[in-house]
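One letter stands for each residue in the lines below.
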Amino acid sequence: MTTPQVPTAPDGTGSPATRVLGIVALAAMALLVYLAFVATPRDATQGDLVRLLYLHPGLAWTAYLACGIATAASIQHLRKRTIGSDLLAHSSVEIGAVMTALTLVTGSVWGRPTWGVWWVWDARLTSTAVLLLLLLGYLALHRIDAPPEVRSRRSAVVGLLLVPNVILVHQSVQWWRTLHQEPTLARRDFDFGASDLMMFTMIYGFVALSLVFSWLLVQRFRVGWLEHQVEEAWLDEAITERRAEALGAEVER
Amino acid sequence: MEPVIHLRGAVGLLGRFPALAGVDLTVDRSEIVLLQGPNGAGKSTLLRLCAGLLPVAAGSAHVLGVDLVDDPTPVRVRVGLLAHATFLYDELTVADNVRFWTRAARADQADGQRAMERLGVAGRLADVPVARLSTGQRRRTALAVLVARRPELWLLDEPHAGLDQEGRDVLDALVVEAAAAGATVLIASHELDRAAGLAPRHVTIAGGVIVADSAVDRVP
Amino acid sequence: MFRDARLIAAKDLRIELRSKVTAGQVLPFALLLLVLFAFGLDPDGPTLAAATPGLFWVGVLFVTVLAVERTFSIEGGDGVRDALRLAGLEPGGIFLGKWFALAVQLAVVELVMLGGVVLLYDRELHGIGLLLASSLAATCGIAAAGTLYGVLAAGLRVRETLLPFLLLPVLAPVLIAATRAFESALDGVPSDGWPWFNLLAVFALVYIGIGILTFGSLLEES
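This structure is a prediction, so every number in the text was calculated from the model and none was measured.

1. Observations concerning the overall build of chain B
Helix and strand counts for chain B come out as seven helices and 10 strands. Against the 2.2 N^0.38 benchmark of 17 Å for 220 residues, chain B shows a C-alpha radius of gyration of 17 Å, consistent with a compact globule. Taken across its 220 residues, chain B has 53% of its residues classed as buried. Sequence separation of 24 or more characterises 71% of the internal contacts of chain B that already satisfy a separation of 6 or more.

Below is the structure:
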């Protein structure tokens, strides 16, 4: 008869390594905010709106990074069926979905004063919108009412297809929109000839946001891991109960 | 000779519920075994596990020499499972179903025809879509498919249910013939009088574990 | 594997011939869509003519959702999913068989819709080569993605809402590519359309490949 084992519950999802990471990420973001909103000058044509561009590409980058991690983790899950790979894929998609949504929001907010509309069907925004739908699809599938192994396996197939889908969508949308590209919209690209500091800030945005993404990913993964451990503990308990029931039935006869 | 079924502490889960909570069972070739027990004891689950359909959550399980913990897939085509579900396509006729399932298992088409005749579903009945058959006729069709595939291990879940007297007689005869030809038969049944005569060995399961085995003197 | 595929495809098509669900319900639905589009877009103006390729493929996508749900509801019968696992069939073969049967049914519906477009929208068909090639490639891709995502959503209570949500974003590239190919063909400049055909072919190959590889693990323990 096995005794139920309850893992000693940790106080939280922190650890020395991630605390350092968290502090670094926070500091990096603080610097980014300072650079973006205080130190850099207003752009000649775009005014204060250019400040969003320090965030937007970095957010997009983390969204696609999340995709790549999810696909790699999904492939691993289909090969080895480990809980960790499924958790990693799921966490990555969750955070990626948030990043994608923020990418779309910053893009849209930047676009409104610039083009006069909230949305344009240009290649990048359209691809990103489809990416969000793909990620939400993954999350919806992961929540279905089925045993955990079934959920994980099916989600892994969707996760596996994320990168190929993104490539296919990007390619088709790219070809499509460059056929109809209006000249004024093409000019919306980030033209930073003006200032070295602006250039640096934009590239630095990638770094800072990547740090934040990593920290979020680790935390989310750990939460999922702890949840899983709690579920595992019940199995021993349940087996014990069932056997007791059997022996009880025996004794009665 | 290696036993056909060899389970040690096998645990089978239905979702979060341990339907099988540590089963120890050994069955040799050509044995006919009756598996009895109350509702919810785990009879059907045990049959499914032996068929390679249910993952083994803990313990060890070897059926027909295949390690079910490692990869249960090879055992599936070698067993014949008769369950509450019919395993038939409703939209297809009896003949279509027998033909499809026997072809899938690479079995002989002639065996399929003979099985249909033996079970009384050949002739006029063969061209009727399964959806329009009675429960008993569907059972017979499912049984015909099973027989035609010539499995080495028969797993029968309440096989007499839904069959009329004649059907039951045919089933009993088939079981005896199969065992004589080298197949092993495991029958889960409530009908103790009927099945007890058929099976020399009785195993009782309750609460997910084996609690009694009429072959107690065997070495596990 | 191909032997198993033939067996499954034959079985699926035989069921369709017996039950006539695709012919009797899905096909009329497709024609209904064409009629509704005409109601919505004023057949007298230039809008309907310009939009025809897009409407055609959007219609095909709606039909696909229905067809995929049908092909997997067949397998929802009494214990059939278990039976398929017990049957001794290669999962890759099951995928190919269902893919083929689905593709055939979609092709039939598309042919009828094409006829509908010619008759109802008064469009002449040019660039037949490109039309047929891109239809073929698109149908193969749609059927492959449909079979794969269909099994992902199969057996679930939320299947009806989950399947379109999973499948349609994935088919966006097919919609874009096939529409552009059709536009090129119908407007008389087929040479522009062939790059789109290449994209459709790649899509189809990717999905058929991944379908064959992953179908086995997806059939497990539904």
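2. Regarding the overall build of chain A
Counting its regular elements, chain A contains eight helices and zero strands. In sequence order, chain A lays out its α and β elements as α-α-α-α-α-α-α-α. Out of the 253 residues belonging to chain A, those deemed buried represent 36%. Of all intrachain contacts in chain A linking residues separated by at least 6 positions in sequence, the fraction that spans at least 24 positions is 81%.

3. Regarding the interface of chain A and chain C
Taken together, the contacts link 26 residues of chain A with 23 residues of chain C. Elements represented by at least two residues in the side of chain A that touches chain C include exactly helix 4 (123-142), helix 5 (148-160) and helix 6 (162-179) of chain A. Top element by residues in the side of chain A that touches chain C is helix 6 of chain A. It accounts for eight residues. Partitioning the side of chain A that touches chain C into residue classes produces 18 nonpolar, four polar and four charged.

4. Here's the deal with the sheet that holds strand 4 (residues 56-63) of chain B
Residues and elements named next belong to chain B. The strand order 2-1-4-5 describes an open sheet built from four strands, whose pairing is antiparallel. Single-partner strands in this sheet number two, and they are strand 2 (17-27) and strand 5 (66-67). Two strands pair when backbone bridges link them, and strand 1 (residues 5-14) and strand 2 are joined in this way by eight bridges, in the antiparallel orientation. What sits directly across from G12, in strand 2, is L20.

5. Description of the pairing of strand 2 of chain B
Burial analysis of strand 2 of chain B places eight of its 11 residues in the buried class, which makes it a mostly covered element. Hairpin remark: strand 1 of chain B followed by strand 2 of chain B, antiparallel, with two residues in the connecting loop; positive phi at G15 of chain B, about 70 degrees.

6. A closer look at the sheet that holds strand 7 (residues 153-157) of chain B
Sheet strands associate in pairs through backbone hydrogen bonding, adopting either a parallel or an antiparallel arrangement. Residues and elements named next belong to chain B. Read from one edge of the open sheet, six strands run 6-7-8-3-9-10, paired in mixed fashion. In this open sheet, the two strands that pair with only one neighbour each are strand 6 (79-82) and strand 10 (209-213). The sheet shows a mean angle of 20 degrees between the axes of neighbouring strands, direction not considered. In this sheet, strand 9 (residues 201-206) lies alongside strand 3 (residues 32-36) in parallel orientation, the contact comprising four bridges. Residue pairing across strands places L35 opposite V203, the latter belonging to strand 9. Where helix 1 (residues 43-50) meets the sheet, its contacts fall on strand 3, strand 6, strand 7, strand 8 (184-188) and strand 9, and the angle it forms with strand 8 comes to roughly 155 degrees.

7. Some remarks on the interface of chain B and chain C
Each side of the interface is counted separately: chain B has 22 residues, and chain C has 18 residues. Ranked by the residues each element gives to the side of chain B that touches chain C, the list is headed by helix 3 (residues 94-104) of chain B, at five residues. Residue composition of the side of chain B that touches chain C, by class: 15 nonpolar, one polar and six charged.

8. Section: the environment of G111 of chain A
Residue and element names in this part refer to chain A. Position of G111 relative to the elements: it lies in helix 3 (residues 83-115). The exposure class of G111 is buried, given the 20 C-beta atoms found within 10 Å. In the structure, G111 is positioned 75 residues away from A36 in sequence and 18 Å away in space, judged by C-alpha atoms. Aside from chain neighbours lying at most four places away, what touches G111 is V117, W118 and V120.

9. Some details on helix 1 (residues 2-19) of chain C
Taking 1.5 Å per residue as the helical rise, helix 1 of chain C with its 18 residues ought to reach 26 Å, and the 25 Å between its terminal C-alpha atoms agrees with that figure. Buried within helix 1 of chain C are the following residues: D4, A5, L7, I8, A9, K11, D12, I15 and E16 of chain C. On its buried face, helix 1 of chain C sits against helix 3 of chain B together with helix 2 (21-41), helix 3 (47-73) and helix 5 (91-120) of chain C. In the segment just after helix 1 of chain C, K20 of chain C is the residue with positive phi, at about 55 degrees.

10. Description of the nonpolar core
By size, the foremost hydrophobic cluster in this structure holds 205 residues, and its most contacted members are C50, A144, L155 and L186 of chain B together with L152 and L200 of chain C. No other element matches helix 6 (residues 128-153) of chain C, which puts 14 residues into this core. Here this core gathers at least three residues from each of two domains, domain 1 (1-78 + 151-220) and domain 2 (90-149) of chain B. When residues no more than four places from it in sequence are discounted, the contact partners of L186 of chain B are V27, V33, L35, L47, C50, W154 and L155 of chain B.

11. Looking at the environment of D28 of chain B
All names here are of chain B. Among the structural elements, D28 can be located in the loop between strand 2 and strand 3. Separated by 155 residues in the primary sequence, D28 and A183 have C-alpha atoms spaced 9.9 Å apart. When residues no more than four places from it in sequence are discounted, the contact partners of D28 are M1, P3 and V4.

12. Notes on the domain arrangement of chain B
The domain architecture assigned to chain B consists of domain 1 (1-78 + 151-220) and domain 2 (90-149). One C-alpha centre belongs to domain 1 of chain B, the other to domain 2 of chain B, and the line joining them spans 24 Å.

13. Examining the pairing of strand 8 of chain B
Residue and element names in this part refer to chain B. Most of strand 8 is tucked away, with five of its five residues classed as buried. Of the two faces of strand 8, the one carrying T184, L186 and A188 and the one carrying V185 and I187 are both buried. As paired elements, strand 3 and strand 8 share four bridges and run parallel to each other. Paired with L34 across the two strands is I187, which belongs to strand 8. Sheet topology note: the strand 7/strand 8 ladder contains five bridges and is parallel. Along strand 8, the bridge assignment pairs L155 with L186. Regarding topology, helix 6 (residues 165-180) serves as the crossover connection from strand 7 to the parallel strand 8, and that connection is right-handed.

14. As for the packing of helix 3 of chain B against helix 1 of chain C
Helix packing geometry: the angle between the two helix axes and the distance between the axes. Two elements in contact, helix 3 of chain B and helix 1 of chain C, have axes separated by 11 Å at closest approach and are oriented at 165 degrees. Regarding the angle of helix 3 of chain B to helix 1 of chain C, the classification is roughly antiparallel. Of the two possible hands of crossing, helix 3 of chain B and helix 1 of chain C adopt the one that is left-handed. In this structure, helix 3 of chain B contributes D96, F100, R103 and A104 of chain B to the contact, and helix 1 of chain C contributes L7, K11 and R14 of chain C. For the contact of helix 3 of chain B with helix 1 of chain C, a count of residues per class yields three nonpolar, no polar and four charged.

15. Remarks on the confidence of the model for chain B
Here chain B shows a mean pLDDT of 87. Residues at 70 or above account for 97%. The weakest mean pLDDT in chain B belongs to helix 7 (residues 192-198) of chain B at 75; the strongest belongs to strand 7 of chain B at 93.

So, how was this worked out
- Residues numbered from 1 in each chain as written.
- Chains lettered and ligands numbered in written order.
- Predicted model: local features only at pLDDT ≥ 70, side-chain atom pairs only at ≥ 80, totals over all residues.
- Helix = DSSP H or I, 4+ residues; strand = E, 2+ residues; numbered from the N terminus.
- Rg over C-alpha atoms; globule rule 2.2 N^0.38 Å.
- Buried ≥ 20, exposed ≤ 12 C-beta atoms within 10 Å, placed from the backbone.
- Contact = placed C-beta atoms within 7 Å.
- Nonpolar A, V, L, I, M, F, W, Y, C, P; charged D, E, K, R; others polar.
- Pairing = 2+ DSSP bridges.
- Axes fitted to C-alpha atoms, helices over the stretch in contact; angles between N-to-C directions.
- Expected span 1.5 Å × (residues − 1).
- Core = buried A, V, L, I, M, F, W, Y, C linked by C-beta atoms within 7 Å.
- Domains from an automatic or database assignment.
- Right-handed = clockwise from strand over helix to strand, strands pointing away.
- Parallel < 35°, antiparallel > 145°, perpendicular 65-115°, else oblique.
- Left-handed = near helix turned anticlockwise from the far one by under 90°.
- pLDDT = per-residue confidence, 0-100.

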